[in-house]
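# Structural characterization, general
So you can see what is in the structure, the chains are spelled out below.
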Amino acid sequence: MKKGFALLETIIVITFVSVSLLLLYGTFTNMFNNSEKNIIFDNASDIYKTYFLKEYLAMDNLNDLLKNENIINISCANFEKSDCETLIKNYHISNIYISKYDLKNYDKSKYKANFNEYLNSVTNKDNYLYRLIVEYKNNNTFSYASIGFGDNHE
Amino acid sequence: MSKKGVTILELLISITLTSIIVLLLIEVIISLNKVNNNENYASDDEIKRTEIIKNIESDFFKLKLNGLTINDNKILFIFEDNSTKELTINTNSLIYDNEKYVLETKNATYSTCFKYNYQDLDNNYYLITLDIPVIIKNKKDFKGDDISLTYLGLKKENTNYQLNYTC
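So, here is what we can say about the structure in this document.

Basis of the calculations
Residues numbered from 1 in each chain as written. Chains lettered and ligands numbered in written order. Predicted model: local features only at pLDDT ≥ 70, side-chain atom pairs only at ≥ 80, totals over all residues. Heavy atoms only, no water. Helix = DSSP H or I, 4+ residues; strand = E, 2+ residues; numbered from the N terminus. Buried < 20%, exposed > 50% of the residue type's maximum accessible area, 1.4 Å probe, protein only. Areas by Shrake-Rupley, 256 points an atom, 1.4 Å probe, with all protein chains shown as cover. Pairing = 2+ DSSP bridges. Salt bridge = Lys/Arg side-chain N within 4 Å of Asp/Glu carboxyl O. Contact = heavy atoms within 4.5 Å. Buried area = accessible area lost by both parts, 1.4 Å probe. Polar contact = N/O pair within 3.5 Å; in protein donor to acceptor, adjacent residues only side chain to side chain. Nonpolar A, V, L, I, M, F, W, Y, C, P; charged D, E, K, R; others polar.

### Description of the overall build of chain B
The helix and strand inventory of chain B stands at 2 helices and 12 strands. In chain B, the succession of helices and strands from N to C terminus is α-α-β-β-β-β-β-β-β-β-β-β-β-β. Burial status across chain B gives 42% buried among its 167 residues. Carbon together with sulfur atoms contributes 54% to the accessible area of chain B, which is approximately 9500 Å² in total.

### Details of the sheet that holds strand β4 (residues 93-96) of chain B
The 6 strands lie next to each other as β5-β4-β3-β2-β1-β11 (chain B), forming an open sheet whose pairing is mixed. Each edge of the open sheet is held by one strand with a lone partner, namely β5 (99-102) and β11 (160-161) of chain B.

### Quick word on the pattern of salt bridges
All names here are of chain B. Scanning the model with the defined rule gives 8 salt bridges over all chains in all. As a salt-bridge pair, K85 and D59 come within 3.1 Å of each other at their nearest N and O atoms. One end of the pair, K85, is in strand β3 (residues 84-89); the other, D59, is in helix α2 (residues 43-64), and 26 residues separate them in sequence. Judged on exposure class, the residue K85 and its partner D59 are both buried.

### Concerning the pairing of strand β4 (residues 141-151) of chain A
Within β4 of chain A, 8 of the 11 residues are buried, leaving the element largely enclosed by the surrounding structure. Counted along the chain from strand β3 (residues 128-138) of chain A to the antiparallel partner β4 of chain A, the turn is 2 residues long, and its residue N139 of chain A has a positive phi close to 45°.

### Quick word on the interface of chain A and chain B
The extent of an interface is frequently quoted as the accessible surface area lost upon association of the parts. Each partner contributes to the interface: chain A provides 37 residues, whereas chain B provides 42 residues. Where chain A abuts chain B, roughly 3500 Å² becomes buried across the two surfaces, and 71% of that area is made up of carbon and sulfur atoms. The interface formed by chain A and chain B contains 0 salt bridges. Where chain A touches chain B, the interface holds 7 residue pairs in polar contact (both at pLDDT 80 or more). Within the residue set of the side of chain A that touches chain B, elements represented by two or more residues are α1 (7-40), α2 (44-56) and α3 (84-90) of chain A. Ranked by residues supplied to the side of chain A that touches chain B, first place goes to α1 of chain A with 16 residues. Split by residue class, the side of chain A that touches chain B holds 20 nonpolar, 13 polar and 4 charged.

Here it is as structure tokens:
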């Protein structure tokens with residue numbers, strides 16, 4: 001006659017509860033990560049800064065920026081703008097990239113995990129040739145914003 | 001096998017498994033507590049922050065910002081057609097163009113000690129940056145929560161900007 005729970009019963013119940021808790025924890029972790037990404041990916045103020053940077057550097061007037069590359073890291077040295085560094089300092093920009101608008105293949109090992117995740121999250125719904133991607137650094141937190149440019153006449 | 005009680009091995013296994021569950025439970029409770037205490041910027045305020053920035057920056061674009069003056073916690077934006085819009089910064093709300101934006105996050109306040117900077121750039125460009133910090137008690141200062149506004153414009157004869165501001 002059984003007078004209490006057998007070890008097997010206890011283990012089955014504990015395993016079931018553990019799996020439920022793990023699933024619950026996984027769901028919450030996902031929620032937190034997504035909410036964090038809302039702040040660091042395409043944050044409203046970063047998008048406006050990226051737009052003004054594009055305007056200042058007159059990127060729409062530049063042709064064949066990438067040549068044969070899929071993505072390049074650019075700096076003020078690529079532009080004849082004497083106050084480019086001032087703008088970069090004011091906007092807390094740490095890196096500027098130009099990529100093909102519809103970027104599919106690139107060497108992910110060269111870039112930060114967050115940067116790769118950001119590129120993975122962007123949509124290619126508009127008809128542009130290039131994408132200006134800007135990495136901002138505030139208090140050791142990197143955030144990203146991008147904007148399309150260059151008309152695609154094809 | 002006798003079923004009259006638990007052996008030491010059974011007891012040890014049960015305690016180990018229970019400990020693992022309790023640890024997992026604590027992790028979940030800590031995460032839930034974070035949401036409850038709004039240590040992470042509440043999603044309602046993230047949406048509101050985006051709305052404020054979008055509304056003000058849209059006016060900068062559409063009406064073309066041409067000047068700015070600051071008087072205590074009031075910022076007056078002057079546009080090319082000489083129309084003006086005022087932004088009032090209170091600790092619990094921002095009022096822009098008669099619309100009030102109140103923070104929903106517990107223990108979150110706007111700082112009236114905001115940062116404003118005007119900078120001349122080459123080719124007659126100028127840059128203004130305005131940063132209104134959002135302070136959340138017991139949370140490390142994070143720029144991503146702030147209301148950051150910026151404008152890059154071309155200088156004109158009647159451009160009229162306050163050059164700096166210290167609170």
